[in-house]
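The primary structure of each chain is shown beneath.
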Amino acid sequence: MTCISQDGNYSMGDHTLSVPRHLYKLNQERLCKSLNKIPELTDSDVYVLLQGGTPLSHYSTDIEYDFRQEPYFLWTFGVCEPGCYGLLQVSTGNVHLFFPKIPEEHYVWMGVPLDIEEYKKRYQVKNISYVETLLETLELLKPSVILTLKGQNSDSGLTCQEVHFDGIDRFTVNNKILYKTISECRVIKTEYEKEVMRYATKVTCNAHKSVMAKCKPGLFEYQCEANFLHYVYFVGGCRHVGYNNICCSGLNGAVLHYGHATEPNSKLILDGDMCLFDMGATYCGYTADVTVSFPANGKFTEDQRAIYNAVLASNLAVMKAIKPGVCWVEMHTLANKVLLKGLRDIKILQGDVDEMYEAGLGAVFQPHGLGHLLGLDVHDVGGYLDGCPERPTMPGLKALRMARKLEAGMAITIEPGCYFIKPVLDRALKNDDLAKFFNTEVLERFRQFGGVRIEDNVFVTEDGVENYTPVPRTVEEIEEWMSKKEATV
Ligand code: GLY
Ligand code: MN
Ligand code: MN
C-alpha cells in the first residue's frame with residue numbers, strides 16, 4: 001500500500017486527509033482558462049511543457065536525499081516522482097505525463113518501479129509514457145507554440161530551471177508568458193487547496209499544542225523540535241516541514257530565522273525564558289507556517305505579558321481590518337503602529353506614534369514584513385509579479401514579500417512580532433531621530449527578553465478573513481493550556 005491510492009487520491013492512511021486528484025484537474029483548467037484569454041495565443045495550438053524536479057545528491061555520495069517535487073510542476077500535475085515531464089494542451093486540457101525509465105540494475109535499490117498502466121491508474125491520466133518518447137510525442141502533436149517556465153523568484157532572487165530536452169530547438173518556444181500566468185493562478189487557492197492547507201495547519205497547531213504541553217525548563221530547544229516532528233508525522237502523516245524549524249528560547253527569540261547550522265536549536269531552555277516556536281508541517285506539498293510564543297514555565301511574567309499583548313493587539317487589529325481591496329502595505333503600517341502604541345503603554349517608548357512610525361521605529365522592533373502569501377512554498381509565489389505594485393523602499397516596508405491589494409482566495413500569514421535585537425537597538429540609539437523616542441531605563445529591562453511573534457494562517461474571504469490556525473492565543477488560553485500537565489491533543 002503506497003501513500004497514493006490506485007484511484008489517484010493522496011492519503012497517508014484513513015486517519016489523514018484524502019486529497020482528490022481533481023485538485024490538479026482544476027488547477028489545469030484554471031491555467032488553461034487564463035492562457036486562453038491571452039490574445040497572442042488565440043488561434044494557435046498551445047502546449048505547456050514543465051519539467052519536474054531532479055533528485056538531489058552530493059558529489060561525494062550516491063545517496064539520494066529526500067526528494068521534494070518542483071512546486072510549479074506539482075501544482076500543475078500532482079506527480080510525486082523525480083525526473084518527469086508534463087505536457088498540457090491549452091485548448092483541450094489534455095495531459096501527457098512522461099516518467100523516467102528506471103534501469104533494471106536499480107531495481108535492487110529502488111524496488112521494481114510502477115509500469116505505465118500502474119502510473120495511469122495512480123495519476124488518472126490516459127497518456128503516460130517514458131521520457132524517451134517526449135520528442136516523438138511532440139513531433140506527432142505538432143504544437144504551434146510550447147510555453148515554458150522562466151522567471152525570477154522575488155524572495156530568493158533565483159531563476160527557475162527552464163525545461164530542457166534534446167530536440168526542443170525544433171519547436172517554437174515562448175518563455176515570456178507562463179511564469180506570470182501560472183504564478184497568478186497559484187496566488188488564489190481553490191476549495192480543494194484550502195482543504196489541504198486547513199489540514200496541514202490543523203496538524204501543525206495540534207503539534208504546537210503538544211509541544212507546549214510537554215515544554216519545560218531543562219529541555220533543549222531541539223527536544224521540542226523533535227516532539228513537533230514526531231507529532232506531525234506520526235499523527236498527521238506529514239513527512240516534511242515547509243522550512244527550517246525555528247525553536248528559540250530566551251535571547252534567541254530575537255533571531256528571526258534561528259535554528260540554522262550554527263545554532264541548530266541547541267540551547268538549554270531556562271526557567272523564565274520566553275519560547276518562540278515557528279514550525280509548519282507540509283501535507284501533499286502544501287505547507288503551514290505557524291508561530292507560537294509562550295513562557296517556558298507556563299506562567300507569563302508582567303513584562304512577558306505586556307510584550308505578548310502588544311503583539312497580539314497588532315495581530316488582531318490586522319485580522320479585523322483585512323478584506324478584499326485592502327493594501328498589504330497598509331496592513332503592515334497598521335500592525336507597526338499598534339505595536340508602537342503598545343510599547344509606549346509599557347513606557348519603553350515615548351512620544352507620538354505616527355512620528356515614531358515615520359522615523360522608522362516600526363522596523364527597529366519588527367524588522368520583517370507583516371506576512372506573506374502561503375501555499376506549496378512557505379513564501380509562496382506571486383508577491384511581485386510584472387504589473388503588481390513594486391517593493392516599497394522604506395525601512396521595514398522593504399522587507400515585505402508583497403505590496404499587492406488583498407483578494408478573496410489568497411492565503412497569507414499574519415505574523416507581527418516584537419524583538420529586542422541588540423545591534424538594531426544599539427544602532428537606533430545612536431540615531432538622534434530615533435533615540436529621542438526611547439525611554440532607555442525601561443528599555444534596559446527588556447534587553448535580554450528575546451522576542452515574541454504571533455503567526456496565523458488565514459484565507460482572505462469575500463468580506464474578511466478565515467483564520468484557520470487553532471492554537472491558544474490569549475495569555476489566559478496559553479496559561480490554561482500549559483497548566484494541564486497531562487494535556488494531550
Ligand atoms: N517561518 C518563516 C516565516 O515565518 O516566514
Ligand atoms: Mn513562520
Ligand atoms: Mn511566515
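Structural data are supplied above this passage.
Residues numbered from 1 in each chain as written. Chains lettered and ligands numbered in written order. Predicted model: local features only at pLDDT ≥ 70, side-chain atom pairs only at ≥ 80, totals over all residues. Heavy atoms only, no water.

A few words now on the overall build of the chain. When its secondary structure is counted, the chain shows 16 helices and 17 strands. For 489 residues, the compact-globule estimate of 2.2 N^0.38 gives 23 Å, and the chain sits close to it at 24 Å. In terms of its C-alpha atoms, the chain occupies a principal-axis envelope of roughly 75 × 50 × 45 Å. Buried residues in the chain amount to 55% of all 489 residues. When contacts within the chain are restricted to residue pairs at least 6 apart in sequence, those whose partners lie at least 24 apart make up 72%. With the model as given, the accessible surface of the chain reaches about 22100 Å², and the carbon-plus-sulfur share is 53%. (Helix = DSSP H or I, 4+ residues; strand = E, 2+ residues; numbered from the N terminus. Rg over C-alpha atoms; globule rule 2.2 N^0.38 Å. Buried < 20%, exposed > 50% of the residue type's maximum accessible area, 1.4 Å probe, protein only. Contact = heavy atoms within 4.5 Å. Areas by Shrake-Rupley, 256 points an atom, 1.4 Å probe, with all protein chains shown as cover.)

Turning to the coordination of the manganese ion (ligand 2), a few remarks are in order. Looking at the manganese ion (ligand 2), the protein donor atoms are Asp 278 (OD), Asp 278 (OD), Asp 289 (OD) and Glu 455 (OE), and they sit 2.0 to 2.3 Å from it. Between the six donor atoms coordinating the manganese ion (ligand 2), the angles at the centre fall across 57 to 172 degrees, so the site counts as irregular. Binding-site remark: the manganese ion (ligand 2) is held by donors from one chain whose sequence spacing is D-x10-D-x165-E. (Donors = N, O, S within 2.8 Å, 3.2 Å for Na, K, Ca; no water. Tetrahedral: all angles 85-135°; square planar, octahedral: opposite > 155°, others 65-115°.)

We now examine the site of ligand 1. All residues in the neighbourhood of ligand 1 are listed as Tyr 243, His 257, Asp 278, Asp 289, His 372, His 379, Glu 415 and Glu 455. Here an oxygen atom of ligand 1 and a side-chain polar atom of Glu 415 are 3.0 Å apart. In the model, an oxygen atom of ligand 1 is placed 3.2 Å from a nitrogen or oxygen of the Glu 455 side chain. Alone, ligand 1 offers 190 Å² of accessible surface; in the complex the protein occludes 95% of this. Of the residues belonging to the shell around ligand 1, the class tally is one nonpolar, three polar and four charged. (Near = heavy atom within 4 Å. Polar contact = N/O pair within 3.5 Å; in protein donor to acceptor, adjacent residues only side chain to side chain. Nonpolar A, V, L, I, M, F, W, Y, C, P; charged D, E, K, R; others polar.)

Strands belonging to one sheet form pairs held by backbone hydrogen bonds; the direction of such a pair is parallel or antiparallel. Ordered by their spatial adjacency, six strands build an open sheet running 4-3-2-1-5-6, and the pairing between neighbours is mixed. Each having just a single partner strand, strand 4 (127–130) and strand 6 (173–174) make up the two edges of the open sheet. As paired strands, strand 1 (residues 46–51) and strand 5 (residues 145–147) are joined by three bridges and run parallel to one another. Counterpart to Val 46 in the pairing with strand 5 is Val 145. In the packing of helix 4 (residues 116–123) onto the sheet, contacts are made with strand 3 (95–99) and strand 4, and the angle to strand 4 comes to roughly 140 degrees. (Pairing = 2+ DSSP bridges. Axes fitted to C-alpha atoms, helices over the stretch in contact; angles between N-to-C directions.)

Before going further, it helps to examine the packing of aromatic side chains. For the coordinates displayed, the defined rule picks out 15 aromatic pairs. With a centroid separation of 5.8 Å and 75 degrees between ring planes, the pair formed by Phe 365 and Phe 420 is classed as edge-to-face. Here the residue Phe 365 occupies a position in helix 12 (residues 361–365), and Phe 420 occupies one in the loop between strand 14 (417–419) and helix 13 (422–429), the gap between them amounting to 55 residues. Since its relative accessible area comes to 0%, Phe 365 is described here as buried. Classification of Phe 420 as buried rests on a relative accessible area of 1%. For the pair Phe 365 and Phe 438, a centre-to-centre distance of 5.9 Å together with 35 degrees between the ring planes defines the contact as tilted. Of this pair, Phe 365 sits in helix 12 while Phe 438 sits in the loop between helix 14 (432–435) and helix 15 (440–445), placing them 73 residues apart in sequence. Between Lys 194 and the ring centre of Phe 459, over which it is positioned, the NZ or CZ distance is 5.5 Å. Just above the ring of Trp 481 sits the side chain of Lys 209; from NZ or CZ to the centre is 4.7 Å. (Phe/Tyr/Trp six-rings, centres within 6.5 Å; stacked < 30°, edge-to-face > 60°. Lys NZ or Arg CZ within 6 Å of the ring centre and 35° of its normal.)

Attention now moves to the pattern of salt bridges. Counted under the stated rule, the structure contains 26 salt bridges. Salt-bridge contacts for Asp 345 lead to Lys 341; the nearest nitrogen and oxygen are separated by 3.4 Å. Of this pair, Asp 345 and Lys 341 are both found in helix 10 (residues 328–346), four residues apart, which corresponds to roughly one turn of the helix. For Glu 415, the salt bridge goes to Arg 453, with nearest N and O atoms at 3.8 Å. Within this pair, whereas Glu 415 is found in the loop between strand 13 (411–414) and strand 14, its partner Arg 453 is found in strand 15 (residues 451–453), the two being separated by 38 residues in sequence. Arg 453 matches Glu 415 in its accessibility class, with the two residues each being buried. What you see here is one network of salt bridges that share partners, running through Arg 186, Lys 189, Asp 377 and Asp 380. (Salt bridge = Lys/Arg side-chain N within 4 Å of Asp/Glu carboxyl O.)

Glancing now at the coordination of the manganese ion (ligand 3). Here the manganese ion (ligand 3) is held by the protein donor atoms Asp 289 (OD), His 372 (NE2), Glu 415 (OE) and Glu 455 (OE), which lie 2.0 to 2.1 Å from it. Coordination at the manganese ion (ligand 3) is irregular, judged from the six donor atoms that bind it and the angles of 51 to 157 degrees they form at the metal. Here the donor residues of the manganese ion (ligand 3) are spaced in sequence according to D-x82-H-x42-E-x39-E. The metal-metal distance between the manganese ion (ligand 3) and the manganese ion (ligand 2) comes to 3.3 Å, with Asp 289 coordinating both. Separated by 43 residues along the polypeptide, His 372 in the loop between helix 12 and strand 13 and Glu 415 in the loop between strand 13 and strand 14 bring together distant segments of the chain. Note on accessibility: His 372 and Glu 415 belong to one class, buried.

When two helices pack together, their arrangement is given by the angle between their axes and by how far apart the axes lie. Their axes nearest at 10 Å, the elements helix 1 (residues 22–36) and helix 6 (residues 178–187) cross at an angle of 130 degrees. Our classification of the angle between helix 1 and helix 6 gives oblique. Regarding helix 1 and helix 6, the two cross each other, and that crossing is right-handed. Of the residues in helix 6, those in contact with Arg 30, Leu 31, Ser 34 and Leu 35 of helix 1 are Leu 178, Thr 181, Ile 182 and Cys 185. Along the lines of polarity and charge, the residues of the contact of helix 1 with helix 6 split into five nonpolar, two polar and one charged. (Parallel < 35°, antiparallel > 145°, perpendicular 65-115°, else oblique. Left-handed = near helix turned anticlockwise from the far one by under 90°.)

So yeah, pure geometry; function would need other evidence.
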